[in-house]
Amino acid sequence: PPLIARALLARGRIALALSQGDRGGADFTESTRLALEVGDAPLAIEAYARAAYAIATTGQPGLAISGLPLVEAIAVRIGDRATFPRALLHNNVGSVELARGDRAAARAAFERARDEAAGLTGSAGIELTGARASLLLVVDDAVARTRIGDELIGERTRLLGPNHPLTLEAKIFTSGLIMDARAAYDALARACTAMADLHPGQVGKIAECANEVMLLAVGLRDDAMLRDMVGRVIATAGHGGDAFYVDRARAFAQLLDGDAAGAARAFEAMHTAAGPDGAWWVRLFNVEANL
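Residues numbered from 1 in each chain as written. Predicted model: local features only at pLDDT ≥ 70, side-chain atom pairs only at ≥ 80, totals over all residues. Heavy atoms only, no water.

Enquirer: What is the right way to read the overall build of the protein from this model?
Expert: Along the protein, the regular secondary structure elements total 16 helices and zero strands. The globule rule puts the C-alpha radius of gyration for 291 residues at 19 Å, and the 20 Å found for the protein is close to it. The principal-axis extents of the C-alpha atoms in the protein amount to approximately 65 × 35 × 35 Å. Buried residues in the protein amount to 47% of all 291 residues. The contacts of the protein with a sequence gap of at least 6 include a subset with a gap of at least 24, amounting to 55%. Distance from the positive charge centre (30 side chains) to the negative charge centre (35 side chains) of the protein: 3 Å. (Helix = DSSP H or I, 4+ residues; strand = E, 2+ residues; numbered from the N terminus. Rg over C-alpha atoms; globule rule 2.2 N^0.38 Å. Buried < 20%, exposed > 50% of the residue type's maximum accessible area, 1.4 Å probe, protein only. Contact = heavy atoms within 4.5 Å. Lys, Arg positive; Asp, Glu negative; His and termini not counted. Charge placed at Lys NZ, Arg CZ, Asp CG, Glu CD.)

Quick look at the structure:
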């Protein structure tokens, strides 16, 4: 059972990383149960934290953290042995609260995760740099956002180097903090191009950032950049690229080719699929139906 609990956690993390099925929710839940059964409290807390994130991001945020007070009590009881899983727990609880629309609770959880992760090293420290990335979603003060963004890039550069996919991901993410529209666009395009050129296997990240560049390129009438990014996203179709992003790129291709009516129909179909009650991170794309 102890080995099975760890194997289920590992398989769940693969499903989560690849956005497959329930994103590992069932595996994480069973791993939590088995870990508690055999007395591996740190593993149980980690598995519960990952289950919460998986469940919340597959459309059931209201169910994601049932039993949380008991898990938090276990994390407190085992003290220093739970530093990483406790920090991960607070980070993922923050993601659940954000999915539920409670930005204040999300910010409090992300700040706890950041503070508890301060002394972590190795893979645990690398993963928990994500607490700063999460904070950027809920901090309203522009100066504070810029400082946290710089800290995030600095941490990942120190731990991984300037051209690691996670460092480039941080540069892509923080480009949205730049107030000047043209400077933000240039920073995003630069980081996204580096991701595509240096790490072509990162099809999910390439498609996501390229789609952001495409929307901005339309507004800035930069057809050359738009065509470049459209091609990069469509090229991911045969390599496991997300169908949503590929379809979106094809709609932009229609726009480039002068078929505004066809592009409008394609965007409207995606808008309809998202629905008015869809997750906020999906409904963000609905604006394109009105291009």
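From this point on, the discussion continues.
Enquirer: For this particular structure, what's the right way to read the environment of Ala-260?
Expert: Relative to the helices and strands, Ala-260 resides in helix H15 (residues 260-274). With a relative accessible area of 44%, Ala-260 lands in the partly exposed category. Considering only alpha carbons, one finds Ala-260 and Gly-94, 166 residues apart in sequence, at a separation of 40 Å.

Enquirer: It is not clear to me how the nonpolar core should be interpreted in this structure. Could you clarify?
Expert: Residues Val-213, Met-214, Leu-226, Met-229, Val-230 and Val-233 are the most contacted members of the largest nonpolar core, which totals 31 residues. Elements that contribute at least two residues to this core include exactly helix H10 (165-174), helix H11 (181-198), helix H12 (203-220), helix H13 (223-235), helix H14 (243-256) and H15. Ignoring sequence-local partners within four residues, the contact set of Val-233 consists of Ala-207, Ala-210, Asn-211, Met-214, Tyr-245, Val-246 and Ala-249. Membership of the second largest hydrophobic core comes to 25 residues, among which are Ala-56, Val-71, Val-93 and Ala-124. (Core = buried A, V, L, I, M, F, W, Y, C linked by side-chain atoms within 4.5 Å.)

Enquirer: Just to check I follow, could you spell out the environment of Asn-163 for this structure?
Expert: Mapped onto the secondary structure, Asn-163 falls in the loop between helix H9 (142-160) and H10. For Asn-163, a relative accessible area of 44% corresponds to the partly exposed category. Taking the C-alpha atoms as reference points, Asn-163 and Leu-198, 35 residues apart in sequence, are found 7.8 Å from one another. In contact with Asn-163, other than residues within four places in its own chain, are Leu-168, Leu-198 and His-199.

Enquirer: For this particular structure, what's the right way to read the packing of aromatic side chains?
Expert: Each aromatic ring pair is summarised here by two numbers: the centre-to-centre distance and the angle between the ring planes. Scanning the model with the defined rule gives two aromatic pairs in all. When the ring of Phe-244 is compared with that of Tyr-245, the centres are 5.8 Å apart and the planes differ by 70°; the resulting orientation is edge-to-face. Taking 5.2 Å as the distance between ring centres and 75° as the angle between the ring planes, the aromatic pair formed by Phe-252 and Phe-267 counts as edge-to-face. In this pair, Phe-252 is assigned in helix H14 and Phe-267 in helix H15, connecting sequence segments 15 residues apart. Neither Phe-252 nor Phe-267 differs from the other in exposure class; each is buried. (Phe/Tyr/Trp six-rings, centres within 6.5 Å; stacked < 30°, edge-to-face > 60°.)

Enquirer: Can you walk me through helix H3 (residues 41-56) in this structure?
Expert: In an α-helix there are 3.6 residues to a turn, and that puts residues three or four apart on one side. Compared with an ideal rise of 1.5 Å per residue, which puts 16 residues at 22 Å, H3 spans 22 Å between its outermost C-alpha atoms and is within 8% of the ideal. Here H3 lies mainly inside the structure; 15 of its 16 residues are buried. Capping the start of H3 is the job of one residue whose side-chain oxygen sits 3.2 Å from the backbone nitrogen of Leu-43: Asp-40. (Expected span 1.5 Å × (residues − 1). Polar contact = N/O pair within 3.5 Å; in protein donor to acceptor, adjacent residues only side chain to side chain.)

Enquirer: Teacher, can you tell me more about the confidence of the model for the protein here?
Expert: In low-pLDDT regions, the fine details of the predicted coordinates are not to be read closely. Of the residues in the protein, 93% reach a pLDDT of 70 or more, and the chain-wide mean stands at 90. Per-element averaging of pLDDT across the protein places helix H16 (residues 280-283) at the bottom with 66 and helix H2 (residues 25-38) at the top with 97. (pLDDT = per-residue confidence, 0-100.)

Enquirer: Looking at this model, I keep getting lost on the pattern of salt bridges. Mind explaining?
Expert: Side chains bearing opposite charge may pair, as long as their charged atoms lie close to each other. According to the stated counting rule, one finds 20 salt bridges in the structure shown. Of the charged contacts in the structure, one is a salt bridge between Glu-151 and Arg-132, with a shortest N-O distance of 2.7 Å. Residue Glu-151 is found in helix H9, and its partner Arg-132 is found in helix H8 (residues 130-135); the two are separated by 19 residues along the sequence. The exposure class of Glu-151 is partly exposed, given its relative accessible area of 28%. Accessibility expressed as a relative area gives 15% for Arg-132, which makes it buried. Here the residues in one salt-bridge network are Arg-13, Glu-46, Arg-50 and Glu-127, joined through shared partners. (Salt bridge = Lys/Arg side-chain N within 4 Å of Asp/Glu carboxyl O.)

Enquirer: Mind showing me how you'd approach the side chain of Thr-129 here?
Expert: Summarising the element assignment, Thr-129 is placed in the loop between helix H7 (122-127) and H8. A polar contact of 2.6 Å, which involves the side chain of Thr-129, links it to the backbone oxygen of Ile-126. For Thr-129, the contacting residues outside a window of four places in its chain are Leu-152, Glu-155, Arg-156 and Leu-159.

Enquirer: Can you help me understand the state of the cysteines in this one?
Expert: Simply put, disulfide is the name for a covalent bond between the sulfur atoms of two cysteines. Within this structure, the stated rule accounts for one disulfide. Each sulfur in the disulfide pair Cys-192 and Cys-209 lies 2.1 Å from the other. The sign of the S-S torsion, about 75°, decides the handedness of the disulfide formed by Cys-192 and Cys-209: right-handed. Pair noted here: Cys-192 is in helix H11 and Cys-209 is in helix H12, with a separation of 17 residues, a long-range link. By relative accessible area, Cys-192 is classed as buried at 0%. The class for Cys-209 is buried, based on a relative accessible area of 3%. (Disulfide = S-S within 2.5 Å.)

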